[in-house]
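Given next are the chains, with one letter for each unit.
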There are 2 protein chains.
Amino acid sequence: MPDRLRKWNGWGYEGEGIPAERVARWLKAVEPWLRISLKDHQPPLPLESLRIPPPRISVEIPGFKGDLTATPYERALHAAGRSFGDLVRLRTGQDLCFPDAVAYPEDELDLLRLLESAERQSIALIPYGGGTSVVGGVEPAVPPGFQGVLSVDLARMNRIRYLDPSSRRVRVQVGIRGPDLEEALRAHGLAFRHYPQSFQMSTLGGWIATRAAGHFATAWGRIEHRVESLRVLTPRGVLETREVPASASGPDVRSWIVGSEGAFGFITEAVVRAVRPPVAKRAGGFRFPEFSAGLEALRRIVQAGLAPAVLRLLDEYEVAISAALTGRPLEPGALLHISLEIEDPEDAHRAEANWRSALRWIERAGGIPASEAVETWKQAYFEQPYWRDLMIDFGLLLDTVETAVPWSRAENTVRTVRERLLQRIDRWSPVGGVMTRVTHVYPDGCALYFTFFARPPREALREAWQDLRGTALEAFLECGGTITHHHGTGRDLQSLLMAEHGSLAVDILQRVKGALDPSGIMNPGVLVAPTPHG
Amino acid sequence: MPDRLRKWNGWGYEGEGIPAERVARWLKAVEPWLRISLKDHQPPLPLESLRIPPPRISVEIPGFKGDLTATPYERALHAAGRSFGDLVRLRTGQDLCFPDAVAYPEDELDLLRLLESAERQSIALIPYGGGTSVVGGVEPAVPPGFQGVLSVDLARMNRIRYLDPSSRRVRVQVGIRGPDLEEALRAHGLAFRHYPQSFQMSTLGGWIATRAAGHFATAWGRIEHRVESLRVLTPRGVLETREVPASASGPDVRSWIVGSEGAFGFITEAVVRAVRPPVAKRAGGFRFPEFSAGLEALRRIVQAGLAPAVLRLLDEYEVAISAALTGRPLEPGALLHISLEIEDPEDAHRAEANWRSALRWIERAGGIPASEAVETWKQAYFEQPYWRDLMIDFGLLLDTVETAVPWSRAENTVRTVRERLLQRIDRWSPVGGVMTRVTHVYPDGCALYFTFFARPPREALREAWQDLRGTALEAFLECGGTITHHHGTGRDLQSLLMAEHGSLAVDILQRVKGALDPSGIMNPGVLVAPTPHG
């Protein structure tokens, strides 16, 4: 696979983007409403205009086989993740913080050398997978006391170690990106099918470190359900879990690592559970007069033990705004999208039986067929990050936050979060809105995903974003939800860990950190600092 | 529910047992083979003949509302778990170790008072649920340095806190026993359906502390999948996780507690995921000429995404021995037992479709219908512990050990463990055998459950048992398996934690222990001691 150049200040690879005629069409649709026009477009700052300070340290690591580089492009590429705020900073050149250098290790020996040097020289190491964190997880902004910061890009540690096709297991280096993992498995009649929106750019290691959940997680489970075994290189040695499908041998060691945000060491290898690629599917869209009726259908479907690959519900606001943006006529109401995959042609009768049961629950809840919900989601899903870059250049605020709550608290959570966000949007912007969708379902609850947009004064874009996101997070906690369903906490949400988990849980985390990374060189600023007791 | 008297030295409640005529029939069947007869029966020691030393301490806890007792019966009841070795000791009165007293707290306030007193007076606390540990998890044998040992029986903390029927969640105090939990849920049209062999006696808290997996875990998941939220009273305060269906907010705090063996504190409450009780089922038995062909069928069924409530495979030795014991004619070969439950009459078509797919895989692997596999399993499953008491009185050694491995390692593991066990049995006993079954299946592997029996010299019953169990555990590790699939590690397997997980994982556990129980009063001897750095 040729090494395409990743955009240092936006989504995807150089040359990719939304075609101009589609931008023009979009602009025409939103012009009267958002009061923007082509003249509001401000192109992003070119790399040459970025003020990148010289590296504070000159990193030399004896015997290091990979690349150590400090070019402006590499330092800018690794300067931030891909949150709305990150992109505003990258595209305007404000408030950025750059790693002193970027390392591309070839193997674990290289990582060991990095760890040794970093501990000796008090250099902070930022594990970097796809760099798509939306919570400041790969930001080289570290607490005081370090001589320098090294971003450690694991892109080259992306090889398949071995395949065990009968057990549908594969041992793989976690620097592998989504599309490459799928490609490697495809040759063996297998697939992984973990599809976060960042799929194209993000890596297995990033998914594990952030406890990700892909688009098809209702069928295949969150990343923690897909990992059989993990190998982590910590400053205090190797932690490796056994390759067993299940165990009762003390607490589950794997789950200390999943969600550890790179704070405990470098996750280097994982044995993951593969699946079979689908050969066909049964998919449909349905309209509900009320969001709550759609919720009822989702709940019944998942509690009946059906596991559709996709089960999504868009609220009436998202439907209305989509209609306005696309110009396609969409009747008002909430839209449900369901897709059941068929992996084995001989099992088509099972998919049919499941489909029949799902339809029963949809109909009972008052759903009526609405095929328009289905057609374009996939393209839109993976295109969304490209649009976001463009919105920023137009001075628009657009972001999402998500939580998870039991079914019995879902409606109250939606109402509360919506109200709070709308109140705050009013303070910042003459236009704006909040849309809600259900993206993941569980027998006991669901994930609620909120999109908010506004047009605050251009100079207040980041401040408004932080304020709105903070408003939503506060409401999540108040409603009994979690601060993040599938994005991790990074640096941005780190201060809320205490509110979510309490001081005893944070104390435990600090001690685990102390056991694995007593000098605190691993991704300092995320999760916790090591306990002072070492 | 009337408080029946639990047997202090055997399974179940006083008055329960295998009827005499069935014992006689069994004896007739095994007499020529195991060379035992009625005259070999030695009745267990009566309570009055036990040498129970006087309590070393007189525990007084100001304000304690529950019961504090030091009667011989209560001290004997709480003297050991229910492993083969425990029962040999209890029935012969040898090598026992008694708690100085037994506490029955009424609520968390009582537990708090216990924790305070115990820390002040250096008393070890042994959390006691159903007392059915088979790995020494509730044994009051603690390292030196304690003034006394208190067994803390949580039987009275067994109330339902609240039900959330739409989300199928229930918050419950974890001292509740299996049958009581089912009864409480039944009234609301719900069920829990976690059926370990100890179901009748064991508690939700015990299942959580030992990372249990019930008989129907293939359909409903292991206990860690059934727990939405946990509340733990530790010597350093309350640890409580949020009631959310999923989260990416750092590592999963719940999974530090599941499998913690009472070493971190008292698990007091849990929110668990209920299911609907089945209204019907589709079940069948199938014979395979070879165990390996049966394995192939299991693997295909679970990898096809079918989730039968029961999917078990007995090897040819277990089938032959069952035939010999029951006198029923069983043709040679391995037996597969599958049961698909139907929760909703309207979903019967789905169960039929799943059944058809399962049959396809069974037939392809060479299985032929054999209904005798199915009829009696349930009675036999829950009766087995009563038989074991009887075996001991006849001087027979009978126990089980289990592991889990990927599918690709299953056959080698079965062969290796069998060979090693048979070799060792030869050293101890003129008769004996090893049987294997697959009890739990996962897409990437399965749990292998080994039953071994022998007739060593009567005085060497425990020594032979320890030797044989140790032989199997060693072989598990050598074959890449885990030392326990669903029983926890307790005191008996504690020394193998390092071999299974490595020193870094053990170091982490010590530090977590240090954070929650720095004085090490919680179930000392299991899992780890607190790190000296506190």
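Residues numbered from 1 in each chain as written. Chains lettered and ligands numbered in written order. Predicted model: local features only at pLDDT ≥ 70, side-chain atom pairs only at ≥ 80, totals over all residues. Heavy atoms only, no water.

Chain A is annotated in an unreviewed UniProt entry as Alkyldihydroxyacetonephosphate synthase of Thermoflexus hugenholtzii JAD2. Quoted verbatim from the Sequence similarities (unreviewed entry) field of UniProt, the annotation for chain A is "Belongs to the FAD-binding oxidoreductase/transferase type 4 family." Quoted verbatim from the Cofactor (unreviewed entry) heading of the UniProt record, the comment on chain A is "FAD". (UniProt positions renumbered as here; feature names shortened; annotations may be inferred.)

Student: Would you explain the overall build of chain A in this entry?
Tutor: If you tally the helices and strands in chain A, you get 17 helices and 16 strands. Against the 2.2 N^0.38 benchmark of 24 Å for 534 residues, chain A shows a C-alpha radius of gyration of 23 Å, consistent with a compact globule. Principal-axis analysis of the C-alpha atoms gives chain A an extent of 65 × 60 × 50 Å. A total accessible area of about 18,900 Å² is found for chain A, and carbon and sulfur atoms account for 52% of it. Charged side chains of chain A number 62 positive and 65 negative; the gap between the two group centres comes to 1 Å. (Helix = DSSP H or I, 4+ residues; strand = E, 2+ residues; numbered from the N terminus. Rg over C-alpha atoms; globule rule 2.2 N^0.38 Å. Areas by Shrake-Rupley, 256 points an atom, 1.4 Å probe, with all protein chains shown as cover. Lys, Arg positive; Asp, Glu negative; His and termini not counted. Charge placed at Lys NZ, Arg CZ, Asp CG, Glu CD.)

Student: Just checking my understanding: could you explain the side chain of Thr484(A) for this structure?
Tutor: With respect to the secondary-structure elements, Thr484(A) resides in the loop between helix H15 (461-478) and helix H16 (497-501). Leave out the neighbours within four places in its chain, and Thr484(A) touches Glu402(A), Thr489(A), Leu493(A), Ser247(B), Ala248(B) and Ser249(B). (Contact = heavy atoms within 4.5 Å.)

Student: What is the right way to read the packing of aromatic side chains from this model?
Tutor: The relative placement of two aromatic rings is captured by the distance of their centres and the angle of their planes. As enumerated under the stated definition, the model contains 16 aromatic pairs over all chains in all. Three or more aromatic residues joined by ring pairs make a cluster, and in this case those are Trp26(A), Trp387(A) and Phe394(A). The residue whose ring lies beneath Arg360(B) is Trp361(B), and the NZ or CZ to ring-centre distance is 5.2 Å. (Phe/Tyr/Trp six-rings, centres within 6.5 Å; stacked < 30°, edge-to-face > 60°. Lys NZ or Arg CZ within 6 Å of the ring centre and 35° of its normal.)

Student: Would you mind going over the relation of the copies chain A and chain B with me for this structure?
Tutor: Copy one and copy two of the chain differ by a rotation about a common axis and a shift along it. Take chain A, turn it by 180°, move it 0.0 Å along the axis, and it overlays chain B with an RMSD of 0.0 Å. Here the copies are linked by what is in effect a two-fold axis. Looking at the interface residues of chain A, 100% of them are also at the interface in chain B, so both copies use one shared face. (Least-squares fit on C-alpha atoms with pLDDT ≥ 70 in both.)

Student: How should the pattern of salt bridges be read in this particular structure?
Tutor: A side chain of one charge can pair with a side chain of the opposite charge when the charged atoms of the two come close. By the definition in use, this model includes 92 salt bridges over all chains. One salt bridge connects Glu318(A) with Arg437(A), and the closest N-O pair in it is separated by 2.1 Å. On the criterion of sequence distance, the pair formed by Glu318(A) in helix H11 (residues 316-326) and Arg437(A) in strand E15 (residues 432-442) is long-range, its members being 119 residues apart. Both residues of the pair, Glu318(A) and Arg437(A), count as buried. Two residues, Asp86(B) and Arg89(B), come together in a salt bridge whose shortest N-O distance is 2.8 Å. In this pair, Asp86(B) and Arg89(B) are both assigned in helix H3 (residues 84-92), 3 residues apart and thus about one turn of the helix distant. The exposure classification of Asp86(B) matches that of Arg89(B), with both residues buried. It is possible to trace a salt-bridge network through shared partners that takes in Glu108(A), Arg161(A), Asp164(A), Arg169(A), Arg171(A), Glu228(A), Arg231(A), Glu240(A), Glu243(A), Glu269(A) and Arg409(B). (Salt bridge = Lys/Arg side-chain N within 4 Å of Asp/Glu carboxyl O. Buried < 20%, exposed > 50% of the residue type's maximum accessible area, 1.4 Å probe, protein only.)

Student: What's the story with the UniProt feature "active site" (unreviewed entry) in chain A in this structure? I'm lost.
Tutor: Residue and element names in this part refer to chain A. Taking the numbering used here, the UniProt-annotated feature "active site" (unreviewed entry) corresponds to Tyr449. Along the chain, the position of Tyr449 falls in strand E16 (residues 445-454). Residues in contact with Tyr449, not counting those within four places in the same chain, are Gln197, Thr400, Val401, Glu402, Met435, Thr436, Arg437, Thr439 and His486. Side chain to side chain, Tyr449 and Thr400 meet in a polar contact 3.4 Å long. (Polar contact = N/O pair within 3.5 Å; in protein donor to acceptor, adjacent residues only side chain to side chain.)

Student: What am I meant to see in the confidence of the model for chain A here?
Tutor: Atomic detail in the predicted coordinates should be set aside for any region of low pLDDT. Mean pLDDT over chain A stands at 94; residues scoring 70 or higher make up 97%. Overall fold confidence for the complex sits at a pTM of 0.97, while the interface term, ipTM, reaches 0.95. (pLDDT = per-residue confidence, 0-100.)

Student: Please explain the pairing of strand E14 (residues 397-406) of chain A as it appears in this structure.
Tutor: The side chains of a regular strand alternate between the sheet's two faces. All names here are of chain A. Here E14 lies mainly inside the structure; 10 of its 10 residues are buried. With 10 bridges joining them, E14 and E16 adopt antiparallel strand pairing. Paired with Thr400 across the strands is Thr451, a residue of E16. (Pairing = 2+ DSSP bridges.)

Student: What am I meant to see in the state of the cysteines here?
Tutor: All names here are of chain A. This model, assessed by the stated rule, comprises 0 disulfides over all chains. Summary of cysteine pairing: Cys446 is not part of a disulfide, and the nearest cysteine sulfur, belonging to Cys479, is at 12 Å. Residue classification places Cys446 among the buried positions, given a relative accessible area of 0%. (Disulfide = S-S within 2.5 Å.)

Student: Help me understand the packing of H3(B) against helix H15 (residues 461-478) of chain B, please; the structure alone is not making it clear to me.
Tutor: Working note: a packed helix pair is described by the angle between its axes plus the distance between those axes. All names here are of chain B. Packing of H3 against H15 leaves a shortest axis separation of 10 Å and a crossing angle of 170°. Regarding the angle of H3 to H15, the classification is roughly antiparallel. Within the contact between the two elements, H3 uses Phe84, Gly85, Val88 and Arg89 and H15 uses Leu461, Arg462 and Trp465. Within the contact of H3 with H15, the residues separate by chemical class into 4 nonpolar, 1 polar and 2 charged. (Axes fitted to C-alpha atoms, helices over the stretch in contact; angles between N-to-C directions. Parallel < 35°, antiparallel > 145°, perpendicular 65-115°, else oblique. Nonpolar A, V, L, I, M, F, W, Y, C, P; charged D, E, K, R; others polar.)

Student: When you look at the side chain of Lys513(A) in this model, what are you seeing that I'm missing?
Tutor: Residues and elements named next belong to chain A. Relative to the helices and strands, Lys513 resides in helix H17 (residues 503-516). For Lys513, a relative accessible area of 1% gives the class buried. Beyond its immediate chain neighbours, meaning those up to four positions away, Lys513 contacts Ala263, Phe264, Pro518, Gly520, Met522, Val528, Ala529 and Pro530.

Student: Before we go on, may I ask you to explain the sheet that holds strand E12 (residues 334-342) of chain A in this structure?
Tutor: Note on sheets: strands pair through backbone hydrogen bonds, and any given pair is parallel or antiparallel. All names here are of chain A. Strand order in this open sheet of 7 strands is E13-E10-E12-E11-E15-E16-E14, and the pairing throughout is antiparallel. In this open sheet, the two edge strands, each paired with only one partner strand, are strand E13 (368-369) and E14. Running over the sheet, helix H14 (residues 407-428) touches E14, E15 and E16 and is turned about 10° from E16.

Student: What exactly am I supposed to notice about helix H11 (residues 316-326) of chain B here?
Tutor: Note that an α-helix has 3.6 residues per turn; residues three or four places apart therefore point the same way. Among the residues of H11(B), Glu318(B), Val319(B), Ile321(B) and Ala323(B) are the ones counted as buried. Against helix H1 (20-34), strand E11 (310-314), strand E12 (334-342), strand E15 (432-442) and strand E16 (445-454) of chain B lie the buried residues of H11(B).

Student: I tried to follow the domain arrangement of chain A on my own but got confused; where do I start?
Tutor: How big an interface is tends to be stated in terms of the accessible area lost upon association of its parts. Taken as a whole, chain A is organised into domain 1 (42-153), domain 2 (160-273) and domain 3 (279-367). Domain 1 of chain A and domain 3 of chain A are separated by 43 Å when their C-alpha centres are compared. (Domains from an automatic or database assignment.)

Student: Is there a simple way to think about the environment of Ser408(B) in this case?
Tutor: Residue and element names in this part refer to chain B. Mapped onto the elements of the fold, Ser408 is located in the loop between strand E14 (397-406) and helix H14 (410-428). Taking relative accessible area as the criterion, Ser408 reaches 39% and is therefore assigned partly exposed. Separated by 346 residues in sequence, Ser408 and Pro62 have C-alpha atoms that sit 58 Å apart.

Student: What should I look at first to understand unusual backbone geometry in this one?
Tutor: Excluding glycine, residues mostly carry a negative phi; peptide bonds, for their part, are mostly trans. The backbone of Arg168(B) shows a phi angle near 50°, a positive value even though the residue is not glycine. Structurally, the position occupied by Arg168(B) is in the loop between strand E5 (160-164) and strand E6 (169-173).

Student: When you look at the sheet that holds strand E1 (residues 67-69) of chain B in this model, what are you seeing that I'm missing?
Tutor: All names here are of chain B. Here 4 strands make up an open sheet; going across it, the order is E1-E2-E4-E3 and the pairing mixed. Two strands lie at the open edges of the sheet, namely E1 and strand E3 (123-128), each paired on one side alone. Between one strand axis and the next, the sheet turns through 25° on average, direction left out of account. Sheet contacts for helix H4 (residues 108-121): strand E2 (101-104), E3 and strand E4 (148-153); angle to E3, the most-contacted strand, approximately 145°.

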